[in-house]
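# Working through the structure, step by step
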Amino acid sequence: MAEKSYPMTAEGKKKLEEELEDLKKVKRPEVINRIKIARSFGDLSENSEYSSAKDEQSVVESRISQVIEMLQYANVIDTDDIAHDEVSVGKKVTVQEDGEEPDEYTIVGSAESDPDSGKISNDSPIAKALMGKHVGDVVTVETPVGSYDITIKAVEVA
C-alpha cells in the first residue's frame, strides 16, 4: 500500500501548523467550556445547547485529526530543486487558450487550495495536465465536460 502524501508549499505547512495550534489552544477549550455550561442547565436529553456544543466538539476534533494527518505526511516541495521553467507545486503558471486572455494560477497542495485566490490544487484537472511541463508547451486539459488545449506562457516561483 502506498504511503499517503500531502504535497504542499512551506507557506501551506506553516498555515496548517498555525491552524492546529489555534484548534488545540483556542477552539477546543472554548467548546469544552460550552459543554460544561450546557451541562449545568440540567436534563441533557432535551438540552439543545449541550447537543450543539457536542456537535461542534466533534467537528473540531475531526479537523484536528485531519490537520495532524496532513502535517504527518506533508511533502514540502522545494521549488529550488525543480527547473525554473517547469510546472510544479509552489509555482505560478500563466496559461492561455487560443483566442482567450491569459489566466494565472498558483499550484498548491490540496490542503492550500483556494480557487477564488487563483490557488489551484495539484489534484485539479488543469494542474494535473500542467505538472512537469515547461514554458512553451501546449497541454491538453481533460475535464468531465470535455478537453481543451492551453499554452504555457510563463512559470515562476510563487
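Heads up: these notes are all about the structure in this document. Computed from a predicted model, the values in this text were never measured in an experiment.

### Thoughts on the nonpolar core
- Grouped together as the largest cluster of nonpolar side chains are 15 residues, with contacts concentrated most on Val87, Val93, Ile107, Leu130, Ile150 and Ile152.
- Every element with two or more residues in this core is listed here: strand S3 (91-96), helix H3 (125-130), strand S6 (138-143) and strand S7 (146-157).
- Residue contributions to this core peak at four residues, all from H3.
- Beyond its immediate sequence surroundings of up to four residues, Ile107 is in contact with Val87, Ser88, Val89, Gly90, Lys91, Val93, Ile120, Asn122, Ala127, Leu130 and Met131.
- Counting 14 residues, the second-largest nonpolar core is a separate cluster that includes Ile35, Val60, Ile64 and Leu71.

### With respect to the pattern of salt bridges
- Within this structure, the stated rule accounts for 10 salt bridges.
- Close ionic contact of Glu56 with Arg34 constitutes a salt bridge, the shortest N to O distance being 2.0 Å. Here Glu56, found in helix H2 (residues 48-72), pairs with Arg34, found in helix H1 (residues 10-39); they are 22 residues apart in sequence, far enough to count as distant.
- Glu56 gets classed as partly exposed once you look at its relative accessible area, which sits at 30%.
- A salt bridge links Glu104 to Lys92; the shortest N-O distance between them is 4.0 Å. One end of the pair, Glu104, is in strand S4 (residues 103-108); the other, Lys92, is in strand S3, with 12 residues separating them in the sequence.
- Linked by salt bridges that have partners in common, Glu11, Lys15 and Lys119 make up one network.

### Re H1
- Compared with the 44 Å implied by 1.5 Å per residue over 30 residues, the 42 Å span of H1 between its first and last C-alpha is a close match.
- The largest bend in H1 comes to about 40 degrees, at Leu23.
- Within H1 the residues assigned to the buried category are Gly12, Leu16, Leu20, Leu23, Val31, Ile35 and Ala38.
- Structurally, H1 contributes buried residues whose contacts are with strand S1 (6-8) and H2.

Here is what the cut-offs are and how they apply
Residues numbered from 1 in each chain as written. Predicted model: local features only at pLDDT ≥ 70, side-chain atom pairs only at ≥ 80, totals over all residues. Heavy atoms only, no water. Core = buried A, V, L, I, M, F, W, Y, C linked by side-chain atoms within 4.5 Å. Buried < 20%, exposed > 50% of the residue type's maximum accessible area, 1.4 Å probe, protein only. Helix = DSSP H or I, 4+ residues; strand = E, 2+ residues; numbered from the N terminus. Contact = heavy atoms within 4.5 Å. Salt bridge = Lys/Arg side-chain N within 4 Å of Asp/Glu carboxyl O. Expected span 1.5 Å × (residues − 1). Bend = angle between axes of the 7 residues up to and from the residue.

Honestly, it's all geometry; don't read function into it.
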